[in-house]
Every structure is written in C-alpha cells, then in structure tokens.
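# Results of the structural survey
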Amino acid sequence: MNTETILKAEADRRPVRISSHDTQMKALPAFIRDIAEGMGAWRAWTALALLDIKHKYRRSVLGPFWITISMFVLILGIGLLYSQLFRMNLRDYLPYIALGDIVWIYISTTVQEGCTTFTASENLIRSMRLPMTLHVMRLVTRTFIVFLHGAVAYLPFVVFLKIEPELVWLLALPGVALIVLATIPITAIFGMLSARFRDLQPAIANFMQLGFFMTPIIWKADMLGPHRWVADINPIYHFIQIVRMPMMGQVPEAHSYYFVLAFIAAAFVIALPFLAANRHKISLWV
C-alpha cells in the first residue's frame, strides 16, 4: 500500500471536522479527537516521514548516510581544533564533543524544521481532512530518523578510541525518549506560530545559532567557574547531559532529569490549550 492510498484511507475513515463548532466550548473535545485520530494514523505519518527522506536524497548513491559522513567530518574537525585550543586530552574530548554535537543537531534541526510543520504540508491540509496531529508526528518521526543516521557517526570514534561498551549506556535510551517526547509539543507550538507569523522561522534559526555557542557542547560547564549557573538554567544543556553522560560511562545528575521533566510538563501545559483553541485556524494561515 503506497503513501497516497494510506492518506486517503485515513482521510475517509474518520474525517476531522474543522469548523466553527470546534471553537469555544467544543474546542477541547475536537482537539482530543484530533490527537486520538492523529496518533492512530501512525502508518500515514511514518510513510510520509520516510517519503520526505527519500525525496531529499533521491538519485544519491549513499542517500541519508551523507548525514553520517558530514556529521563525522564535522565532529572530527571541531574536536581536533578545540582540543588544542582548550588544552584537553583528545581521547576524553572527542567523545564529549561528538555526543554533544549529535544531540544538539537533532534538537536544533527539530526546532527549526518544526517551524515548517504546517506550512510545508499546505497541500495536504487544504486538500484532505487529516488530523493536525498527523503533521506534527510526521516531522517528529522524520527528524528522529535523521538523528539515527547521525548517531552512527559516533561508531568510528568508539572503534578508534577503543571505547568499551558499558551497562550505563542503557541510560541514554530514556534520555533519547524524553527528547523525542519534548519535541512533540515544541514542534506543534512553533509550527502553529510560524504559520501565523512567518518572521518567526528566521528569528528562531538565528537564536539556535547563538544557542550552539551558549550551550556546553564544545566547552564544559565547569569552565564558567562561579558563573556555571548560566549553563544550569539552559534546558538544552540538560537534554544533552541525559544522553551524553551515560554514553561516557557516567550516571546523569538527578537535577538534570528533574529539569527535563519539568520542561516537558510545562511545554505540554502550554501547547495543549493553545492548540485546542487555534487548531481550526491552521488551514487559513498556511
């Protein structure tokens, strides 16, 4: 069954009614129905995510593995340079920067592409009665698949540096799961706001560029000395730590998990009522 057939089946099976009745008192029930139908259409958003990646790398010999190659070259170049500038042991610094960079690119890509969640699906939104949740999950799935390709770039460093796997590595899995969970409300919020205010996307792109240098990725939080609080209040730093520390043989600090969980809860608390009240306007904004 191809992607078009799946989409038509989802659109005809339980059409999502986007009308004035979805506003005010009926907004929340309509939104709950949207979420239920969108999550149930997992075949559709998975097929669309794979199709996006296939189209991006069509006629390419290596396909999405160019992501792995570019990630490896970037990490190696930055690692060799900054290990000398910061006078750090290359064996310790390469895994640190490799893991931090891989997670950062995943978060940054999801946030920036999240601004196009609905505008990039304009044709589908205008032509088919599909749940808005489907478009959010399509983007979240696509960026996660890209992240998996990028994560492969860490394997050459494991082999070259002769890093032995440890049981604590398994703690990175719930860390990745928490990042994926956080991207759902963030993608939905930015996607809707960017559909309404088109200047938001370039503004966020500039902000993320600044965020790379403000987040302990190529440098360590301890370097800030008494000003370490600047790193500790950065939510992206804690998201990176709950994945990077286990892969470096350390158990993440409890406050990092607390910070991440609080951030996710706040994101959903903000996203759900906001999307419930404005979901019916998306087709007018894109």
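Residues numbered from 1 in each chain as written. Predicted model: local features only at pLDDT ≥ 70, side-chain atom pairs only at ≥ 80, totals over all residues. Heavy atoms only, no water.

## Section: the pattern of salt bridges
This structure, assessed with the given rule, holds seven salt bridges. Between arginine 138 and aspartate 52 there is a salt bridge, with its nearest N and O atoms 2.7 Å apart. Of this pair, arginine 138 sits in helix α7 (residues 132–151) while aspartate 52 sits in helix α3 (residues 42–56), and the two are 86 residues apart along the sequence. Judged by its relative accessible area of 13%, arginine 138 is buried. Connected through shared salt-bridge partners, Asp52, Glu113, Arg138 and Arg142 make up one network. (Salt bridge = Lys/Arg side-chain N within 4 Å of Asp/Glu carboxyl O. Helix = DSSP H or I, 4+ residues; strand = E, 2+ residues; numbered from the N terminus. Buried < 20%, exposed > 50% of the residue type's maximum accessible area, 1.4 Å probe, protein only.)

## Overview of the packing of aromatic side chains
A complete count under the given rule lists nine aromatic pairs for this structure. Note on tryptophan 104 and phenylalanine 212: the rings are 6.0 Å apart at their centroids and 55° apart in plane angle, and the pair reads as tilted. Of this pair, tryptophan 104 sits in helix α5 (residues 90–114) while phenylalanine 212 sits in helix α10 (residues 200–214), and the two are 108 residues apart along the sequence. An identical accessibility class is assigned to tryptophan 104 and phenylalanine 212; each is buried. (Phe/Tyr/Trp six-rings, centres within 6.5 Å; stacked < 30°, edge-to-face > 60°.)

## Quick word on the side chain of aspartate 34
Position of aspartate 34 among the secondary structure elements: in helix α2 (residues 27–40). With a relative accessible area of 0%, aspartate 34 lands in the buried category. At 3.0 Å, the side chain of aspartate 34 and the backbone nitrogen of methionine 132 are in polar contact. (Polar contact = N/O pair within 3.5 Å; in protein donor to acceptor, adjacent residues only side chain to side chain.)

## A closer look at the layout of surface pockets
Empty space among the atoms can be located by rolling a probe the size of a water molecule over them. Counted as a void, the largest pocket has a volume near 460 Å³. Every residue lining the largest pocket is counted, 20 residues in all, and those nearest its centre are Val111, Met208, Pro235, Ile236 and Phe263. For the lining of the largest pocket, the secondary-structure elements that each account for two or more residues are α5, α9 (172–196), α10 and α12 (235–247). Split into classes, the residues belonging to the lining of the largest pocket amount to 15 nonpolar, five polar and no charged. By volume, the second largest pocket is sized at about 350 Å³. Forming the boundary of the second largest pocket are 15 residues, of which Leu99, Phe147, Ala151, Val243 and Met247 lie nearest the centre. Contributions of two or more residues to the lining of the second largest pocket are made by α5, α7, α8 (155–160), α9 and α12. (1 Å grid on protein atoms, 1.4 Å probe; cavity = no way out; pocket = protein on both sides within 12 Å on 5 of 7 lines; lining within 4 Å. Points joined across faces, edges and corners; volume = space filled by probe spheres on them. Nonpolar A, V, L, I, M, F, W, Y, C, P; charged D, E, K, R; others polar.)

## Some details on the side chain of histidine 238
Inspection of the secondary structure puts histidine 238 in helix α12. What makes histidine 238 buried here is its relative accessible area of 0%. When residues no more than four places from it in sequence are discounted, the contact partners of histidine 238 are Ala231, Asp232, His255, Ser256, Phe259 and Val260. (Contact = heavy atoms within 4.5 Å.)

## So, the nonpolar core
Core analysis: the biggest nonpolar cluster contains 47 residues, and Tyr154 and Ile218 have the highest contact counts within it. Secondary-structure elements contributing two or more residues to this core are α4 (65–85), α5, α8, α9, α10, α12 and α13 (254–278). When residues in this core are grouped by element, the largest group, twelve residues, is from α5. Ignoring anything within four residues of it in the chain, the contact list for tyrosine 154 reads Pro95, Ala98, Leu99, Ile102, Ile163 and Met247. Counting residues in hydrophobic clusters, the runner-up holds 15 residues, among them Ala195, Leu275, Ile282 and Val286. (Core = buried A, V, L, I, M, F, W, Y, C linked by side-chain atoms within 4.5 Å.)

## Some remarks on unusual backbone geometry
Phi at arginine 87 takes a positive value of approximately 55°, unusual for a residue other than glycine. If you trace the backbone, arginine 87 turns up in the loop between α4 and α5. We classify arginine 87 as exposed; its relative accessible area is 73%. With a phi angle near 55°, lysine 162 is a residue other than glycine that sits in the positive phi range. Mapped onto the elements of the fold, lysine 162 is located in the loop between α8 and α9.

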